[in-house]
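A look at the structure
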Amino acid sequence: MTKDPLQQYKQFLATHPFRYVTSSGMCWPYLVAGRGEQALVLLPGAPGRAEASFEYMRAFERHYTVISIGYPADLATVEECLHGVVRILDAEGFECAHVVGGSYSGLLAQRFVRRYPGRVDKLVLSDTGVPRPARARKYRRYVRLLRVLPMFVIRALWRVGAYLYLHEMAPQRRPFWEAYFAQLRKTITRRECISRLQVWIDFDSGSRFSPGDLDGWQGEMLILGAERDTTFSNWERQALRRLYPAARVCVFTGGGHAASLDRRDEYIEAICDFLAAEPTRQVAAS
């Protein structure tokens, strides 16, 4: 099999067609790989695209039914996101699943396990943080700007953001993802950009995590992160670990926020080890 990531990407999409469900009046796209007895749900980063997880899907499809979810362009609340995930699990015939929430979706995954604890077996939070009301106030200003800025300006901002996100990646990994995000800039819509921020605002302003609110959950948690992540500050990452003192923690030295792409194999190995381990204890918030 070719090792060229572009060819792998094209081949994967050619053999794994999108599926769709409707939830809250919105069409949810998602991809499914593998036929394992256990489901593994991959929630996307801020762009909200299911196909971005294709390398992880290829890695896990031998042992799990892997479901990678994309977000509709009109989502406005966290609750709508949670209902959509449940709707997809129901459509695929799974009562519960392992859930991986990365970055943006690591925030949503924390709400999901509280809202539907019986539907989450093991939870992986990758490169993410905790609720911050101050961030919600800032993002409300961004939403007002997004409503009036010309699309060429929004796409230019995406280009700068992608450069900052990818510039620390290894040279051999960078070209594919630069091309991926270049194509994403051409297809991203104003509605999607506003939607992602509205959901984030809803999370930051509406999430109140308190001690003991996961006492009834019987699952386990893994927290993954990189020591040089600037998207989520060191304070926020430390706060995340304090919130879940029983979680297993794996910190990758030297990496930035794109470590889950750049150091994909290490992330996959850590997740594999965690999912394969026998349950040992319950995770409690603190």
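Residues numbered from 1 in each chain as written. Predicted model: local features only at pLDDT ≥ 70, side-chain atom pairs only at ≥ 80, totals over all residues. Heavy atoms only, no water.

Things to note about the sheet that holds strand E2 (residues 26-33)
Here eight strands make up an open sheet; going across it, the order is E1-E2-E4-E3-E5-E6-E7-E8 and the pairing mixed. With one partner strand each, in any of the chains shown, strand E1 (19-23) and strand E8 (248-252) form the two edges of the open sheet. Between one strand and the next, the sheet's axes are offset by a mean angle of 20°, whatever the strand orientation. Sheet topology note: the strand E6 (residues 120-126)/strand E7 (residues 220-226) ladder contains five bridges and is parallel. Across the sheet, residue Val124 finds its bridge partner in E7, namely Leu222. Sitting on the sheet, helix H3 (residues 78-92) touches E1, E2, strand E3 (39-43), strand E4 (65-69) and strand E5 (97-102), and the angle it makes with E2 is about 50°. (Pairing = 2+ DSSP bridges. Helix = DSSP H or I, 4+ residues; strand = E, 2+ residues; numbered from the N terminus. Axes fitted to C-alpha atoms, helices over the stretch in contact; angles between N-to-C directions. Contact = heavy atoms within 4.5 Å.)

With respect to the side chain of Glu55
Structurally, the position occupied by Glu55 is in helix H2 (residues 54-60). Among the polar contacts listed, one links the side chain of Glu55 to the side chain of Arg264, at a separation of 2.6 Å. In this view, Glu55 contacts Arg173, Trp177, Arg264 and Ile268; residues no more than four positions away in its chain are not counted. (Polar contact = N/O pair within 3.5 Å; in protein donor to acceptor, adjacent residues only side chain to side chain.)

Some details on unusual backbone geometry
Peptide bonds are trans in most cases, and residues, glycine excluded, mostly fall at negative phi. Even without a glycine there, the phi angle at Ser103 is positive, about 55°. For Ser103, the position within the fold is in the loop between E5 and helix H4 (104-115). Relative accessible area serves as the criterion here: at 15%, Ser103 is assigned to the buried category. Phi angles above zero are rare outside glycine, and Asp127 is one such case at about 50°. Mapping Asp127 onto the fold places it in the loop between E6 and helix H5 (133-148). (Buried < 20%, exposed > 50% of the residue type's maximum accessible area, 1.4 Å probe, protein only.)

Re the packing of H5 against helix H8 (residues 190-206)
How two helices pack is summed up by the angle between their axes together with the distance between the axes. At their nearest, the axes of H5 and H8 sit 9 Å apart, and the two run at 160° to each other. With respect to their mutual orientation, H5 and H8 come out roughly antiparallel. Once H5 is placed against H8, the crossing between them reads as left-handed. Contact residues: H5 offers Pro133, Arg135, Ala136, Tyr139, Arg140, Tyr142, Val143, Leu146, Arg147 and Val148, while H8 offers Arg190, Cys193, Ile194, Leu197, Gln198, Trp200, Ile201, Asp204 and Ser205. A breakdown of the residues in the contact of H5 with H8 according to their chemical character gives 12 nonpolar, two polar and five charged. (Parallel < 35°, antiparallel > 145°, perpendicular 65-115°, else oblique. Left-handed = near helix turned anticlockwise from the far one by under 90°. Nonpolar A, V, L, I, M, F, W, Y, C, P; charged D, E, K, R; others polar.)

These values are about where atoms sit, not about what they do.
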